[in-house]
Amino acid sequence: MLKIIFLILLAFAAPAFAKDDAEIKLTPESIERGRTLYTQYCVACHGLKYYRGEDAKTGLPPAMDPQMAEAAFGVAPPDLSLMASARGRGIEGATYIYRLLTSYYTVNGQIRNKAFAEETKTDGAIAMPPPIPMDDPALKEKARDISAFLLKVSDPSADERRGLGPWVMVYMILLTGVLYLLNRYTWREVKKKLKG
Ligand code: HEC
């Protein structure tokens, strides 16, 4: 019985120990900073069709006309509403965006991106120039906040579900205990008879 409870506990607790090196936190402050940074660094090219906010009741359109952007960059900048969910489950997708924004480098003067290379299994030649300069001292914090914001946009109820997790766990443990007692109660007569 104890062993079962222990295993249940372990199964629920294990993901909490998984290391997250980007340290993206879905706090309201980070998400709010990310929203501001998005309108500073990303909205020129990328829209957020499905984003809903006080100031954007029907989504955020990109500032640049998509056809013009395609002519300029060779690839049309995709809408980012669902990007965080498209590039991984939960925090994984946000971590990808964080890595995308922070892993630019050049080869013979040509722009390359490490995260993009891994995702697309190519040499990492990406049509998007680095949105935040690689030598910006606040690059990591900015990338973190933007990623948190984009995860929130693509999955608005994520933290609600996450907040529910511990309660589901408590419920399961209590239920296990009750079922165990019920089981003993149900079989007590039979066991007594068997013993003799
Ligand atoms: C100057 C225009 C421009 C700006 C500004 C810009 N992007 Fe992009 N972005 C692009 C283009 C073009 C692509 C398509 C790249 C490709 O497929 O090679 C792209 C692609 C992406 C992708 C998809 C990558 C993939 O895995 O397919 C993400 C995520 C992204 N941008 C995030 C951002 C974020 C976040 C910002 C703001 C910090 C930003 N972009 C700012 C032009 C831009």
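What you see is a predicted model, and the numbers here were worked out from it, not measured in a lab. (Residues numbered from 1 in each chain as written. Predicted model: local features only at pLDDT ≥ 70, side-chain atom pairs only at ≥ 80, totals over all residues.)

### What to know about helix H2 (residues 28–41)
Step number 1: Across its 14 residues, H2 extends 20 Å between first and last C-alpha, which sits within 8% of the 20 Å expected from 1.5 Å per residue.
Step number 2: Looking at H2, one finds that the buried residues are Gly 34, Arg 35, Leu 37 and Tyr 38. (Helix = DSSP H or I, 4+ residues; strand = E, 2+ residues; numbered from the N terminus. Expected span 1.5 Å × (residues − 1). Buried ≥ 20, exposed ≤ 12 C-beta atoms within 10 Å, placed from the backbone.)

### Things to note about the packing of H2 against helix H7 (residues 139–154)
Step number 1: Running from N to C, H2 and H7 cross one another at 100°; their axes reach a closest spacing of 7 Å. Put simply, H2 runs roughly perpendicular to H7. The segment H2 lies against H7, with Ser 30, Ile 31, Arg 33, Gly 34, Arg 35, Leu 37 and Tyr 38 engaging Lys 142, Arg 144, Asp 145, Ile 146, Ala 148, Phe 149 and Lys 152.
Step number 2: Class assignment of the residues belonging to the contact of H2 with H7 gives a composition of 6 nonpolar, 2 polar and 6 charged. (Axes fitted to C-alpha atoms, helices over the stretch in contact; angles between N-to-C directions. Parallel < 35°, antiparallel > 145°, perpendicular 65-115°, else oblique. Contact = placed C-beta atoms within 7 Å. Nonpolar A, V, L, I, M, F, W, Y, C, P; charged D, E, K, R; others polar.)

### What to know about the environment of Ala 143
Step number 1: Along the chain, Ala 143 turns up in helix H7.
Step number 2: It is 12 Å that separates the C-alpha atoms of Ala 143 and Thr 36, two residues lying 107 residues apart in sequence.
Step number 3: Those residues in contact with Ala 143 that sit more than four places away from it in its chain are Tyr 98, Leu 101, Thr 102 and Ile 132.

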